[in-house]
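Structural features, examined
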Amino acid sequence: MNTGLQLYNTLSRKKEVFQPLNAPNVGMYVCGPTVYSDVHLGNCRTFISFDLIFRYLKYSGYKVRYVRNITDAGHLEGDRDEGDDKFAKRAKLEQLEPMEIVQKYTLGFHDVLRMFNTLPPSIEPTATGHIIEQIEMIKVIMANGYAYEIDGNVYFDVEKYSKEYNYTILTNRNLEDMLNNTRELGGQDEKRGRLDFALWIKAKPETLMQWQSPWGMGFPGWHIECSAMSAKYLGSEFDIHGGGMDLAATHHTNEIAQSEACSHKQPARYWMHTNMLTVNGTRMSKSAGNGFLPLELFTGAHPLLKKGYSPMTVKFFMLQAHYRSTLDFSNDALDASEKGFRRLMTAVSLLDKLQVSEQNDFDIDALREKCIHAMDDDFNSPILIAELFEAVRMINTVYDGKGKISAEALAKLKQLVHDFVFDILGLKDEDAGSNDLNGVLEMVIDIRTEAKANKDYATSDRIRIGLQALGIQLKDGKEGTTWSKA
């Protein structure tokens, strides 16, 4: 089991040695999507990043329980417990039942993540499937004196909580500044404090999604679901809590408060956050007109894109930036990633065509150590990818006859590629599995070989030039002819 892993903890604002509470078991909770619309690229980056983390923890010998929730109720348009319910609004717009909306966009979310070749979480609980747990947690918070009920609404008392706990521990913001920057309560706002937030919201007569509770018919506030579900499946204390950096200031801050008010324990030992996306240096957003959906990126069906890019090209592009770094989309950057990904996959496809020798020019063990060191440094995927291009250099050197590799070293190199390219980065050759193409090319090569044997060089050259025009490169050697993508 790997004990050299370090990760950046938002809670301490520094890298820390990863020390699970109950090694080799690891509990990881990641805030999932609110399924009232198509998943956006910012979400995808977060889930691809935590898929990388999940994969590497498993590779390192840990037994990981990865919980990623589905928010299918209780999410209002405003962070201050105001505005329309997102699901009800979308249901009315599309003339569907709210749970039809949930089903439609949950399936779409899963489809997109399958395109990105991410592993499913161990558990994917829904908010509506855990109403009882949320009500029970609210009752404990109230019994502990950190929440109050007014006319069917239950609010968390931030002022009371802040006298005993550090409400801003995650973001290190000044509480007084937060109060000063939060608008005064209006005459119709029944909250006691400006920072108080809803744990349970009273349903209006027209509310489509509502449940019975000790405080009357209503629905849970947005934040309570993650506290309740992480506690149920991972315990009151667990190892990693993750999400996008936009969740830290409000959602995750309130999660910590709820959990501590209930169990008197800090829920997660390590808090991890992914950074935002930009487009040509400008923050990606719907209002700016520069936000595009994954399928638009795959097909090129957006004015800012000159063409479409495959899911693996996009995933490779995302992994070329560290998860805590801003990621800037541009056509040039995506083009460069497309070329890099093709170069990597072309080299991987040559592994089975390399000729072994009694001699060996390469230290595969040293390269593996460098790859591990990159991932141990806060899951540094861009450094890992740079190291993997050293493997590409080795493969091409041997294939071109400019270097020698032993059978033992080649076996190690194949295992390294399998471990880091496929198992850890979660990449896949989008052309792999095209056995029909392999068969056709082998047949064409046989025809060309026969033509050469009959001194029909015109046919031989026509085949070689024709395949080259289609992006297929032939290489003649002592052991026969092999092919690769140009």
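Residues numbered from 1 in each chain as written. Predicted model: local features only at pLDDT ≥ 70, side-chain atom pairs only at ≥ 80, totals over all residues. Heavy atoms only, no water.

Quick notes on the packing of aromatic side chains
Counted under the stated rule, the structure contains 20 aromatic pairs. The interplanar angle of 70 degrees and the centroid separation of 5.5 Å between the aromatic rings of F116 and F298 together place this pair among those described as edge-to-face. Note that F116 is positioned in the loop between helix 3 (98–115) and helix 4 (131–143) and F298 in helix 9 (residues 294–299), a separation of 182 residues in sequence. The class for F116 is buried, based on a relative accessible area of 0%. A network of ring pairs unites the aromatic residues Y146, F156, Y161, Y165, Y167 and F197 as a single cluster. Over the ring of Y148 we find R192, and its NZ or CZ is 4.0 Å from the ring centre. Over the ring of Y399 we find K475; its NZ or CZ atom is 4.2 Å from the centre of that ring. (Phe/Tyr/Trp six-rings, centres within 6.5 Å; stacked < 30°, edge-to-face > 60°. Helix = DSSP H or I, 4+ residues; strand = E, 2+ residues; numbered from the N terminus. Buried < 20%, exposed > 50% of the residue type's maximum accessible area, 1.4 Å probe, protein only. Lys NZ or Arg CZ within 6 Å of the ring centre and 35° of its normal.)

Observations concerning the domain arrangement of the chain
When cut into domains, the chain gives domain 1 (6–274), domain 2 (278–423) and domain 3 (434–485). Contact between domain 1 and domain 2 buries roughly 2700 Å² in total, counting both sides, with carbon and sulfur atoms accounting for 67%. The largest per-residue losses of area from domain 1 upon contact with domain 2 belong to L41, R45 and Y56, which jointly make up 28% of the total buried on that side. Inspection of the region where domain 1 meets domain 2 yields 2 salt bridges. For K15, the salt bridge identified is with D377, shortest N-O distance 2.5 Å. Across the contact surface, domain 1 and domain 2 share 12 residue pairs in polar contact (both at pLDDT 80 or more). Secondary-structure elements contributing two or more residues to the side of domain 1 that touches domain 2 are strand 1 (6–9), helix 1 (41–59), helix 3 and strand 10 (268–274). Per-element accounting of the side of domain 1 that touches domain 2 gives the leading share, 11 residues, to helix 1. Here the residues of the side of domain 1 that touches domain 2 are counted per class, giving 14 nonpolar, 7 polar and 5 charged. (Domains from an automatic or database assignment. Buried area = accessible area lost by both parts, 1.4 Å probe. Salt bridge = Lys/Arg side-chain N within 4 Å of Asp/Glu carboxyl O. Polar contact = N/O pair within 3.5 Å; in protein donor to acceptor, adjacent residues only side chain to side chain. Nonpolar A, V, L, I, M, F, W, Y, C, P; charged D, E, K, R; others polar.)

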